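# Fold and contact review
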Amino acid sequence: MIRIISRSFPLTLLPLTARAEWTVNLSPGVTEISRSIYDLHMTIFWICVAIGCVVFGIMFWSIFHHRKSRGAKAHHFHEHTLVEVIWTLIPLGILVAMAVPATATLVKMYDPKDAGLDVQVTGYQWKWRYQYLDQDLDFFSNLATPQEQVTNDQAKSENYLLEVDRHLVLPTDTKIRFLLTANDVIHSWWVPALAVKKDAIPGFINEAWAQIDEPGIYRGQCAELCGKDHGFMPIVVEAVSPEEFQQWLVAAKAEKAAAAEAANRSWTLDELMQRGEQVYLGTCAACHQANGEGLPPAFPALKNSPIAVGDVGAHIDIVLNGKTGTAMQAFRDQLDPVELAAVITYERNAWGNSTGEAVSPTQIADRIGAAQGEGN
């Protein structure tokens with residue numbers, strides 16, 4: 001979000017959080033397309049400036065030169081073929097001059113072929129899922145801003161509401177095709193520096209692409225009003241060299257394998273509670289609140305809830321599969337078995353629920369495996 005503050009207004013009268021760098025123009029970005037868009041924008045801007053200068057110059061000259069004090073009298077005439085032709089051909093020529101570079105830029109924007117890497121981007125309320133197609137790697141990217149900053153109990157960081165727990169890591173000098181869709185409602189994936197802004201619509205696949213020239217971190221946000229936490233699903237793209245990207249891929253796949261192995265070991269109640277609190281605060285607290293009291297009736301409380309203190313099988317089922325007709329999502333594909341077991345254990349033992357029950361990752365893995373077997 002860019003805040004524009006008038007220079008004429010005393011900055012000392014504004015709160016510190018309202019101060020921002022003075023800027024009113026687009027930025028060139030870090031891709032060929034973004035620079036083409038910037039150049040096109042500046043071309044159109046100067047054409048508009050020239051038109052404004054000519055039109056207002058003629059108007060002011062006419063007002064001054066033909067003023068009544070000089071004895072000027074209005075000339076009455078009807079139609080003038082030459083004037084009609086001139087003020088038709090000149091705007092037509094200007095429009096053609098603007099259409100040529102605009103069309104060339106649009107053609108390039110909608111040409112995703114010959115991509116070196118395909119990434120599927122899926123919008124969820126309120127997070128992003130990134131799947132590296134043909135790489136057997138996918139993960140969710142969640143807001144990393146502490147809840148204390150949101151509630152003004154802690155000073156806001158430099159990247160307030162613009163930081164995530166996992167960056168979308170991409171290689172530079174590589175054409176990347178984005179396939180965008182959504183799991184629930186319409187979202188919009190927008191990263192200004194890459195000149196990519198495309199709607200993510202449930203049941204549809206939209207395409208976009210970018211080739212990043214400069215390593216760095218580039219931030220964006222969901223640009224479609226998608227629910228109460230629309231402003232809490234930022235995007236962070238980390239561009240690295242192709243060599244560093246390959247190293248990151250190896251490390252990310254090893255991390256995924258380690259997480260799968262972790263599901264097979266025994267976890268204590270304390271370990272699950274510690275891990276579960278982290279998962280809950282990052283995934284569930286937006287709706288059910290950090291204190292478990294929820295926001296009834298849309299987001300029911302988990303504290304002393306029949307679900308959280310009742311039958312553990314029903315609790316597991318609703319977390320895995322969600323609840324039709326409500327805002328409760330299915331988390332089976334969003335969290336791994338360890339995270340699912342941990343957060344369910346946490347919900348059953350936090351805020352005074354104290355059931356003393358620990359759900360193991362193997363229970364979750366077995367439940368997911370059984371459901372997949374029935375589906376086949």
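Quick caveat, the model's predicted, so the values are computed rather than measured.

## Considerations on helix H8 (residues 337-349)
Here H8 contains 13 residues, and its C-alpha end-to-end distance of 18 Å stays within 8% of the 18 Å for a straight helix at 1.5 Å per residue. Here H8 lies mainly inside the structure; 11 of its 13 residues are buried. Those residues of H8 not exposed but buried are Val 338, Leu 340, Ala 341, Ala 342, Val 343, Ile 344, Thr 345, Tyr 346, Glu 347, Arg 348 and Asn 349. Two to three positions downstream of the cap, the backbone nitrogen of Val 338 sits 3.0 Å from a side-chain oxygen, assigning the N-cap of H8 to Asp 336. Phi for Trp 351, located one or two positions after H8, is positive at around 60°.

## Observations regarding the packing of aromatic side chains
For the structure on display, the rule yields 13 aromatic pairs. Geometrically, the ring pair formed by Tyr 132 and Phe 139 is tilted, given 6.1 Å between the ring centres and 35° between the ring planes. The two residues Tyr 132 and Phe 139 agree in class, both being buried. Between Phe 139 and Trp 248, the ring centres sit 6.3 Å apart and the planes meet at 75°, which makes this aromatic pair edge-to-face. Note that Phe 139 is positioned in strand S3 (residues 137-141) and Trp 248 in helix H4 (residues 242-262), a separation of 109 residues in sequence. Here the aromatic cluster, defined as three or more aromatic residues joined through ring pairs, consists of Tyr 130, Tyr 132, Phe 139, Phe 245 and Trp 248. The residue whose ring lies beneath Lys 156 is Tyr 160, and the NZ or CZ to ring-centre distance is 4.8 Å.

## Here we look at the sheet that holds S3
Strand pairing within a sheet occurs via backbone hydrogen bonds; the two strands may be parallel or antiparallel. The strand order across the open sheet formed by 5 strands is S3-S2-S1-S5-S8, and the pairing between neighbours is mixed. With one partner strand each, in any of the chains shown, S3 and strand S8 (206-211) form the two edges of the open sheet. Each neighbouring strand pair of the sheet contributes to a mean axis angle of 25°, computed without reference to strand direction. Sheet topology places strand S2 (residues 127-132) next to S3; 5 bridges connect them, and they run antiparallel. Its bridge partner being in S3, Arg 129 is matched across the sheet by Phe 140.

Reading the values: rules and limits
- Residues numbered from 1 in each chain as written.
- Predicted model: local features only at pLDDT ≥ 70, side-chain atom pairs only at ≥ 80, totals over all residues.
- Heavy atoms only, no water.
- Helix = DSSP H or I, 4+ residues; strand = E, 2+ residues; numbered from the N terminus.
- Expected span 1.5 Å × (residues − 1).
- Buried < 20%, exposed > 50% of the residue type's maximum accessible area, 1.4 Å probe, protein only.
- Polar contact = N/O pair within 3.5 Å; in protein donor to acceptor, adjacent residues only side chain to side chain.
- Phe/Tyr/Trp six-rings, centres within 6.5 Å; stacked < 30°, edge-to-face > 60°.
- Lys NZ or Arg CZ within 6 Å of the ring centre and 35° of its normal.
- Pairing = 2+ DSSP bridges.
- Axes fitted to C-alpha atoms, helices over the stretch in contact; angles between N-to-C directions.

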